[in-house]
Amino acid sequence: MTEVATSDQLLVVIDPVARRGDGEAVRIAKDVLSAGATTKVCLPDGPEEFDRALARRGSRRPVVIGDDRALLRAVSLLHRRRELAGCALSLVPVGVGGGALTLSRALGVPMGAVAAARAVLDGSERRLDLLVDDSDGVVLGALRIPPLGGGGAGGTGLAGGTGVAGDSGGVGGGGFSDSEEDGSRHHSHHHHWLRTCQSLVRTLTARPARQPASASPGPARLRVEVDGETLVDLDQPVEGVSITPGGAGGGARVEVRPVSVGAEAAPLSAVGRTITVSGADFRYRADAVVGGPVRTRTWTVREGAWGLTLPG
């Protein structure tokens, strides 16, 4: 691990989700950092401003205050700009929800605002492995096929339906003023009926069809190749595949769980630097993001590709 000088100037980028979710933790972290180093604080309102702040960091050492998604965004940006090798990132984890800091915790970042800020000031840079796919996406922690917890998409569809209902209410409420409706009861009744029909038509045409609730994903037929050797082929259905950087010799750990028939099937495992998964369309969860569907994807290990400041 490489020592980090406390005299460095810091660029503190505070993710907007963290500001809204736990403003007190953000304030504490900012105060500790400002007391121990020269800081420039950026408060981006969205992803574009977040990226722009990091890209214009100059010689300042970047510190991200936010959750796993904010860390992943920072690493992805620096990877795309080919600046990961010369930049050590620091993180003060602030997140809302049970899984918002799963990756940060697994990487060894302290969970408390004070402890994490102290690690930024007094810690050391640790070089970590990275998985890079053939579309230039990155994976910091675990990758899983099929994605765990992928059933949340149904919630988005229902939220959209609620929005449509609100729109139709707006159409009905804005047709006539009170004075116009006082002119004739028959006239009012006619237009009330018309507005009701218009609302119903809008709702039926705009609201997506409700999908049946899906249970856990069924078995998949995938070919998994590790450094050119087939670990499992299409003729053997599998329940899941996991790929994690940081394996022995700079490789990634690959584990395939075959479908059990009778007695529980033992998982198949291997360590390698290049992993290719192919087969029918599949989705995957890389850290906090679901990707796909794709029919083939190759991940390559970049040993020691990025640096994170951790307690010494």
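Everything numeric here is computed off the predicted structure, so don't read it as measured data.

Thresholds applied
- Residues numbered from 1 in each chain as written.
- Predicted model: local features only at pLDDT ≥ 70, side-chain atom pairs only at ≥ 80, totals over all residues.
- Heavy atoms only, no water.
- Helix = DSSP H or I, 4+ residues; strand = E, 2+ residues; numbered from the N terminus.
- Buried < 20%, exposed > 50% of the residue type's maximum accessible area, 1.4 Å probe, protein only.
- Areas by Shrake-Rupley, 256 points an atom, 1.4 Å probe, with all protein chains shown as cover.
- Core = buried A, V, L, I, M, F, W, Y, C linked by side-chain atoms within 4.5 Å.
- Contact = heavy atoms within 4.5 Å.
- Expected span 1.5 Å × (residues − 1).
- Polar contact = N/O pair within 3.5 Å; in protein donor to acceptor, adjacent residues only side chain to side chain.
- 1 Å grid on protein atoms, 1.4 Å probe; cavity = no way out; pocket = protein on both sides within 12 Å on 5 of 7 lines; lining within 4 Å.
- Points joined across faces, edges and corners; volume = space filled by probe spheres on them.
- Nonpolar A, V, L, I, M, F, W, Y, C, P; charged D, E, K, R; others polar.
- Phe/Tyr/Trp six-rings, centres within 6.5 Å; stacked < 30°, edge-to-face > 60°.
- Pairing = 2+ DSSP bridges.

Enquirer: Residue-level account of the overall build of the chain, with values.
Expert: Helix and strand counts for the chain stand at nine helices and 15 strands. Relative to its 312 residues, the chain shows a buried fraction of 40%. With the model as given, the accessible surface of the chain reaches about 16400 Å², and the carbon-plus-sulfur share is 52%.

Enquirer: Could you give me a rundown of the nonpolar core, with the residues and numbers involved?
Expert: Note on soluble globular proteins: their nonpolar side chains tend to be buried together. Core analysis: the largest hydrophobic core is formed by 30 residues, its most contacted members being Leu71, Val75, Leu130, Leu140, Trp306 and Leu308. Of all the elements in the fold, those that place two or more residues in this core are strand S2 (10–14), helix H3 (47–55), helix H4 (68–80), strand S5 (88–93), helix H5 (102–107), strand S6 (124–133) and strand S15 (289–310). With seven residues, H4 is the largest single contributor of residues to this core. Once you skip the residues sitting within four places of it in the chain, Leu71 turns out to touch Leu89, Leu91, Leu103, Leu107, Leu140 and Trp306. Residues Val139, Val224, Val254 and Val294 belong to the second largest nonpolar core, which totals 22 residues.

Enquirer: With reference to specific residues and values, describe H4.
Expert: Relative to the 18 Å expected for 13 residues at 1.5 Å per residue, H4 spans 18 Å between its end C-alpha atoms, a close match to the ideal helical length. Burial within H4 is extensive, with ten of its 13 residues counted as buried. For H4, the full list of buried residues reads Asp68, Ala70, Leu71, Leu72, Ala74, Val75, Ser76, Leu77, Leu78 and His79. Capping the start of H4 is the job of one residue whose side-chain oxygen sits 3.2 Å from the backbone nitrogen of Arg69: Asp67.

Enquirer: So, the layout of surface pockets: which residues are in play, and what are the values?
Expert: Approximately 380 Å³ is the volume attributed to the second largest pocket. Asp68, Gly99, Thr102, Asp287 and Ala288 are, among the 17 residues lining the second largest pocket, the residues nearest its centre. Of all the secondary-structure elements, those providing two or more residues to the lining of the second largest pocket are H4 and H5. In terms of residue count, H5 provides more of the lining of the second largest pocket than any other element does, three residues in total. Of the residues in the lining of the second largest pocket, the class split is seven nonpolar, four polar and six charged.

Enquirer: Explain the packing of aromatic side chains residue by residue, including any values.
Expert: By the definition in use, this model includes two aromatic pairs. Aromatic pair Phe282 and Tyr284: ring centres 6.5 Å apart, planes at 50°, arrangement tilted. Each of the two residues, Phe282 as well as Tyr284, counts as buried. Taken together, a centroid distance of 5.2 Å and an interplanar angle of 85° make the contact between Tyr284 and Trp299 edge-to-face. Of the two residues, Tyr284 is situated in strand S14 (residues 274–286) and Trp299 in strand S15; the sequence distance between them amounts to 15 residues. Trp299 shares its class with Tyr284; the two are buried. The structure contains a cluster of three or more aromatic residues connected by ring pairs, namely Phe282, Tyr284 and Trp299.

Enquirer: Account for helix H6 (residues 113–122), naming residues and giving values.
Expert: For H6, every residue scored as buried is listed here: Ala113, Ala116, Ala117, Ala119, Val120 and Leu121. Against the buried residues of H6 lie S2, helix H2 (23–36), strand S4 (61–66), S5 and S15.

Enquirer: Summarise the pairing of strand S11 (residues 238–245); cite the residues concerned and give the values.
Expert: Most of S11 is tucked away: six of the eight residues are buried. Pairing analysis gives three bridges linking strand S8 (residues 143–145) to S11, with the strands arranged antiparallel. Across the sheet, the residue bridging to Ile145 is Val241, located in S11. Alignment of S11 against strand S12 (residues 252–258), held across seven bridges, turns out to be antiparallel. Bridge assignment links Val238 to a residue of S12, and that residue is Pro258. Taking the residues between adjacent antiparallel strands as the criterion, S11 and S12 are bridged by six residues, where Gly246 takes a positive phi near 95°.

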